[in-house]
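# Examination of the molecular architecture
Letter by letter, the chains look like this.
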Number of protein chains: 2
Amino acid sequence: MEKILASIITIGDELLIGQTVDTNSAWMGRQLNDAGIWVQRRVAVGDDREAIVRALDEEGKLSHIVLITGGLGPTADDITKPVLLGYFGGKLVQDEPTLARLMSFFEARKLPVLERNVAQALVPDSCTVLQNMRGTAPGMWFEKEGKIYVSMPGVPHEMKGLMESEVIPRLQERFTTPTLLHHTLITYGMGESFVAERLTGFEAALPPHIKLAYLPSYGLLKLRLTSVSPGKTSAATEMKTAFDTLRSLLADVAVAEADEPMGVILGKILLEKGLTAGTAESCTGGNIAGQITAVPGSSRYFKGSVVSYANETKMNLLGVKAATLEQYGAVSEQTVREMAEGALKTLNVDCVMAVSGIMGPDGGSGEKPVGTVWIAVGGKNDIRTTLHRFRYDRSRNTDMTVVAAMNELRKWLKL
Amino acid sequence: MEKILASIITIGDELLIGQTVDTNSAWMGRQLNDAGIWVQRRVAVGDDREAIVRALDEEGKLSHIVLITGGLGPTADDITKPVLLGYFGGKLVQDEPTLARLMSFFEARKLPVLERNVAQALVPDSCTVLQNMRGTAPGMWFEKEGKIYVSMPGVPHEMKGLMESEVIPRLQERFTTPTLLHHTLITYGMGESFVAERLTGFEAALPPHIKLAYLPSYGLLKLRLTSVSPGKTSAATEMKTAFDTLRSLLADVAVAEADEPMGVILGKILLEKGLTAGTAESCTGGNIAGQITAVPGSSRYFKGSVVSYANETKMNLLGVKAATLEQYGAVSEQTVREMAEGALKTLNVDCVMAVSGIMGPDGGSGEKPVGTVWIAVGGKNDIRTTLHRFRYDRSRNTDMTVVAAMNELRKWLKL
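Going by an unreviewed UniProt entry, chain A carries the name CinA-like protein and comes from Chitinophaga chungangae. The Sequence similarities (unreviewed entry) field of the UniProt record for chain A holds the comment "Belongs to the CinA family."

Here is the structure:
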């Protein structure tokens with residue numbers, strides 16, 4: 001069976017000068033992959049006719065499917081539509097369903113409809129219009145020399161709506177795709193090269209259509225097995241065998257058996273054990289709570305958090321003693337332990353994570369350099385503390401601390 | 001003066017299947033842009049020899065500079081180095097400074113040095129080695145037919161270190177670059193097409209080398225002016241004139257006059273006014289505090305936060321009345337006002353943001369659909385509440401709420 005190949009073209013100067021991080025492509029890559037379509041290239045180009053045409057030419061040669069996002073807004077820097085019109089031919093015609101939705105969109109918001117908005121309902125008659133239920137710019141499906149090109153807005157939730165309701169179903173109808181299987185094991189605490197060393201024999205013995213990838217992610221290491229094969233049944237069995245071996249080889253450092261965020265992993269354990277949790281955060285400033293509550297339904301086990309950024313707040317809300325802060329400092333085993341004890345009481349929860357550290361760039365000292373973090377986790381009369389030293393910038397130190405704190409609580413819960 | 005063009009190639013299957021979001025390219029784009037180098041294309045390809053070689057060929061034809069990240073790790077899926085060796089020729093030799101750093105790295109961590117680690121010190125003798133002070137894989141600078149190719153590790157903080165200390169300085173030495181100027185005005189509360197309508201005349205009157213871009217971002221709209229010109233002095237004056245006009249045209253919706261995160265904008269106002277702040281967060285789960293504390297030095301004005309995810313926590317820590325919760329519900333003007341009043345007292349701060357809403361996917365009702373958010377901001381005896389309705393998914397609703405809350409406090413502070 002032929003491998004179905006796709007390219008993603010994202011259009012916009014903001015991507016090239018780094019004003020916008022491209023999260024669309026990653027999301028699209030996951031969806032296409034799940035549908036058995038292999039994204040082989042992603043290309044970002046500016047708001048420039050020649051650059052867009054070159055990308056269409058090149059990607060059309062290499063891939064069966066070319067997905068294009070961006071440049072469909074109502075302003076002068078949005079040139080994707082005229083470029084596509086020139087590329088695929090035809091003339092602009094009004095798409096009635098888009099116009100009707102557009103009118104009711106502005107009516108509902110009691111806003112006047114501008115000519116530039118009405119112009120968004122104009123589409124090349126050389127395309128099939130894909131209705132965008134979440135915005136004003138429609139999707140456009142073109143075909144040329146047996147290749148498929150789909151243009152979508154760059155606004156993430158509009159693009160996602162079009163992908164889910166229109167693009168993926170139409171592609172699945174059009175192509176017979178191989179079965180792509182992924183299975184990810186997440187580990188913590190062992191460096192990439194040491195894991196690789198342990199897996200040397202395992203990797204050498206993998207069947208040729210199963211591939212192992214190493215993906216370090218904020219202190220976690222994700223080990224992803226990918227199988228590409230036409231026959232469903234045998235692929236699943238082989239994958240299971242390979243994954244079982246992988247898991248047994250790394251049992252001592254395994255964190256999870258699926259590619260899930262730490263908030264989901266921790267939430268499942270809390271639900272299973274019927275325990276409630278909370279956090280007392282200094283240096284992470286609410287980011288642990290933020291990751292826990294990013295999970296729908298987290299209100300079933302998460303009650304809340306005290307972000308005690310100031311020492312005053314540590315004392316007033318968590319009952320940390322002034323003497324402790326004075327004698328040992330805010331970043332110390334003693335303080336973080338008292339923060340945890342205070343949070344257990346004041347939040348009335350079964351278990352907590354408490355963190356205090358120095359994220360940088362300022363505030364470090366010889367004894368406590370930037371990246372020094374104390375973490376306390378546990379429940380009543382059973383609090384465990386650990387010292388961590390991260391070596392990065394403020395943002396990455398914070399992300400690493402969030403993952404480390406959740407992992408410490410996970411380990412405590414698993415004892 | 002010739003425009004200096006760059007391409008960025010990122011290597012790794014994890015980018016194509018969407019397991020990793022490419023934040024490196026955005027950061028590199030900003031740095032290169034600041035140095036007067038225009039990134040014209042960004043290409044992501046998989047861990048595949050043929051795909052990498054094709055990208056090197058293509059981008060080398062189009063750009064003066066080709067920056068490559070990824071695929072330099074110690075594991076079997078890291079194939080960038082052998083591919084570069086084949087492409088640029090030469091043989092592998094040991095780089096002594098890298099080997100020395102590598103040995104001391106493992107020694108400091110009391111870890112054994114594996115052969116696969118030692119292999120990271122092997123480099124093609126056809127390259128200039130760029131010392132990576134933050135990791136084990138060195139950077140490699142190649143030249144071929146007048147074009148420059150630089151390979152760096154994909155680990156963000158290692159790549160950043162190499163870019164700052166080696167790549168950017170060397171490129172600036174090599175090329176005479178034009179002056180690229182950017183100036184961004186941030187607005188809130190007016191749709192992109194309405195802003196564009198108001199700016200029609202302004203845009204038409206811009207000099208040909210100044211370009212205006214519209215960048216919607218979580219409810220904010222960023223308007224970026226970019227000037228590309230060889231002569232420093234006149235460019236700055238023209239840019240200033242254009243920006244002053246832009247600002248005066250959008251005075252009623254302007255939020256900030258630089259492309260800064262909302263946390264930075266708010267922090268500057270608080271510092272300037274000498275006020276302290278805190279948050280009481282339900283649906284945002286600590287993310288407002290997280291964005292405020294992402295700013296170095298935020299401890300000068302931010303004391304902390306109560307993340308009151310459970311009603312119990314709203315009552316115990318913020319003093320929200322049981323009767324209020326019962327009569328009006330957790331997502332109501334009354335509740336969010338009491339949360340703000342409670343936070344002012346318990347955190348002992350001059351001003352607060354309090355939010356309560358329904359982020360989805362569950363929990364919505366006819367009267368209070370998903371996306372309904374109440375925000376209260378203000379200080380003692382002066383609390384203002386606003387109702388917001390977002391129409392997105394959980395993650396985006398949360399992000400929009402964080403920005404909206406910070407903007408409401410900004411407006412209150414500016415009164």
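This part is about the overall build of chain A. Within chain A, the secondary structure is distributed over 16 helices and 17 strands. In terms of its C-alpha atoms, chain A occupies a principal-axis envelope of roughly 75 × 60 × 40 Å. Relative to its full complement of 415 residues, chain A shows a buried share of 59%. Expressed as a percentage of contacts within chain A between residues at least 6 apart in sequence, the contacts between residues at least 24 apart total 66%. For chain A, the exposed area adds up to about 16,400 Å²; of that, 52% sits on carbon and sulfur atoms. A distance of 5 Å separates the average location of the 44 positive side-chain charges in chain A from that of its 47 negative side-chain charges.

The next thing to look at is the domain arrangement of chain A. Here the domain parsing of chain A yields domain 1 (5-174), domain 2 (179-256) and domain 3 (262-414). The C-alpha-based centres of domain 1 of chain A and domain 2 of chain A are spaced at 35 Å.

Per the UniProt entry, the sites bearing "domain: MoaB/Mog" (unreviewed entry) are residues 7-174 of chain A in this numbering. Structurally, residues 7-174 of chain A is divided into 44% helix and 23% strand, and its ends, taken at the C-alpha atoms, are 17 Å apart.

This paragraph deals with the interface of chain B and chain A. Between chain B and chain A, the contact holds 94 residues from the first and 95 residues from the second. Both faces combined, the contact of chain B with chain A buries some 7,500 Å², and carbon together with sulfur accounts for 54% of it. Counting across the chain B and chain A interface gives eight salt bridges. Put simply, Arg116(B) and Glu197(A) hold a salt bridge, and the shortest N to O gap is 2.9 Å. Take the side of chain B that touches chain A: its biggest share by element is eight residues, from strand β2 (residues 38-45) of chain B. Sheet topology places strand β2 (residues 38-45) of chain A next to β2(B); five bridges connect them, and they run antiparallel. Of the residues in β2(B), the one forming a bridge with Val45(A) is Arg41(B).

All names here are of chain B. Its twelve residues place the ends of helix α11 (residues 262-273) 17 Å apart at the C-alpha level, agreeing with the 16 Å of an ideal helix rising 1.5 Å per residue. For α11, every residue scored as buried is listed here: Met-262, Gly-263, Ile-265, Leu-266, Gly-267, Ile-269 and Leu-270. Trailing α11 by a residue or two, Gly-274 shows a phi angle of about 65°, which is positive.

Let's shift gears to empty space enclosed by the protein. The final tally for this structure, using the stated rule, is one cavity of 30 Å³ or more. Surrounding the largest cavity, Thr10(A), Asp22(A), Ser25(A), Arg42(A), Val43(A), Ala44(A), Thr10(B), Asp22(B), Ser25(B), Arg42(B), Val43(B) and Ala44(B) form its lining. Secondary structure elements with two or more residues in the lining of the largest cavity: β2 of chain A together with β2 of chain B. Among the residues making up the lining of the largest cavity, the classes are represented as four nonpolar, four polar and four charged.

Residue and element names in this part refer to chain A. With antiparallel pairing, the four strands of this open sheet are ordered in space as β10-β11-β9-β12. Unpaired on one side and paired on the other, β10 (210-217) and β12 (254-256) mark the two borders of the sheet. Strand-to-strand twist of the sheet, defined as the mean angle between neighbouring strand axes without regard to direction, takes the value 30°. In terms of strand pairing, β10 meets strand β11 (residues 220-229) through eight bridges, oriented antiparallel. Looking at β11, one finds that Ser-217 is bridged to Leu-220.

A separate point is the packing of α11(B) against helix α16 (residues 394-414) of chain B. All names here are of chain B. Axis separation between α11 and α16 bottoms out at 10 Å; the angle between their running directions is 25°. Here α16 runs roughly parallel to α11, going by the angle between their axes. Considering the relative orientation of α11 and α16, their crossing is left-handed. Mapping the contact onto sequence places Met-262, Gly-263, Ile-265, Leu-266, Ile-269, Leu-270 and Lys-273 in α11 and Val-403, Met-406, Asn-407, Leu-409, Arg-410, Leu-413 and Lys-414 in α16. A breakdown of the residues in the contact of α11 with α16 according to their chemical character gives nine nonpolar, two polar and three charged.

Turning our eyes to something else, we now look at the relation of the copies chain B and chain A. Relating one copy of the chain to the other takes a rotation about an axis and a shift parallel to that axis. The two copies are related by a screw operation: chain B maps onto chain A through 180° of rotation and 0.0 Å of translation along the axis, at an RMSD of 0.1 Å. Taken together, the rotation angle and the small translation identify this as a two-fold axis. Of the interface residues in chain B, 100% have counterparts in chain A that sit at the interface too, so the contact is made through matching surfaces.

What follows concerns the pattern of salt bridges. Residues and elements named next belong to chain A. Counting across every chain of the model gives 36 salt bridges over all chains. Glu-260 serves as the salt-bridge partner of Lys-268, at 2.5 Å between the closest nitrogen and oxygen. Residue Lys-268 is classed as partly exposed on the basis of its relative accessible area, which comes to 46%. One network of salt bridges, in which partners are shared, links Lys-240, Asp-244, Arg-247 and Glu-257.

Here helix α4 (residues 80-88) of chain A lies mainly inside the structure; seven of its nine residues are buried. Phi turns positive, to about 80°, at Gly89(A), one or two residues after α4(A).

Right, let's talk about the sheet that holds strand β12 (residues 254-256) of chain B for a bit. Residue and element names in this part refer to chain B. Taken in spatial order, the four strands line up as β10-β11-β9-β12 in an open sheet, and their pairing is antiparallel. Single-partner strands in this sheet number two, and they are β10 (210-217) and β12. The average undirected angle you get between the axes of adjacent strands in this sheet is 30°.

With that settled, the discussion passes to the environment of Leu271(B). Residue and element names in this part refer to chain B. Mapped onto the secondary structure, Leu-271 falls in helix α11. According to the relative accessible area criterion, Leu-271 is partly exposed, its value standing at 40%. The spatial distance from the C-alpha of Leu-271 to the C-alpha of Glu-367 is 40 Å, given a sequence separation of 96 residues. If we ignore the near neighbours within four places in the chain, the residues touching Leu-271 are Arg-300 and Tyr-301.

Each value, and the rule that gives it
- Residues numbered from 1 in each chain as written.
- Chains lettered and ligands numbered in written order.
- Predicted model: local features only at pLDDT ≥ 70, side-chain atom pairs only at ≥ 80, totals over all residues.
- Heavy atoms only, no water.
- UniProt positions renumbered as here; feature names shortened; annotations may be inferred.
- Helix = DSSP H or I, 4+ residues; strand = E, 2+ residues; numbered from the N terminus.
- Buried < 20%, exposed > 50% of the residue type's maximum accessible area, 1.4 Å probe, protein only.
- Contact = heavy atoms within 4.5 Å.
- Areas by Shrake-Rupley, 256 points an atom, 1.4 Å probe, with all protein chains shown as cover.
- Lys, Arg positive; Asp, Glu negative; His and termini not counted.
- Charge placed at Lys NZ, Arg CZ, Asp CG, Glu CD.
- Domains from an automatic or database assignment.
- Buried area = accessible area lost by both parts, 1.4 Å probe.
- Salt bridge = Lys/Arg side-chain N within 4 Å of Asp/Glu carboxyl O.
- Pairing = 2+ DSSP bridges.
- Expected span 1.5 Å × (residues − 1).
- 1 Å grid on protein atoms, 1.4 Å probe; cavity = no way out; pocket = protein on both sides within 12 Å on 5 of 7 lines; lining within 4 Å.
- Points joined across faces, edges and corners; volume = space filled by probe spheres on them.
- Nonpolar A, V, L, I, M, F, W, Y, C, P; charged D, E, K, R; others polar.
- Axes fitted to C-alpha atoms, helices over the stretch in contact; angles between N-to-C directions.
- Parallel < 35°, antiparallel > 145°, perpendicular 65-115°, else oblique.
- Left-handed = near helix turned anticlockwise from the far one by under 90°.
- Least-squares fit on C-alpha atoms with pLDDT ≥ 70 in both.

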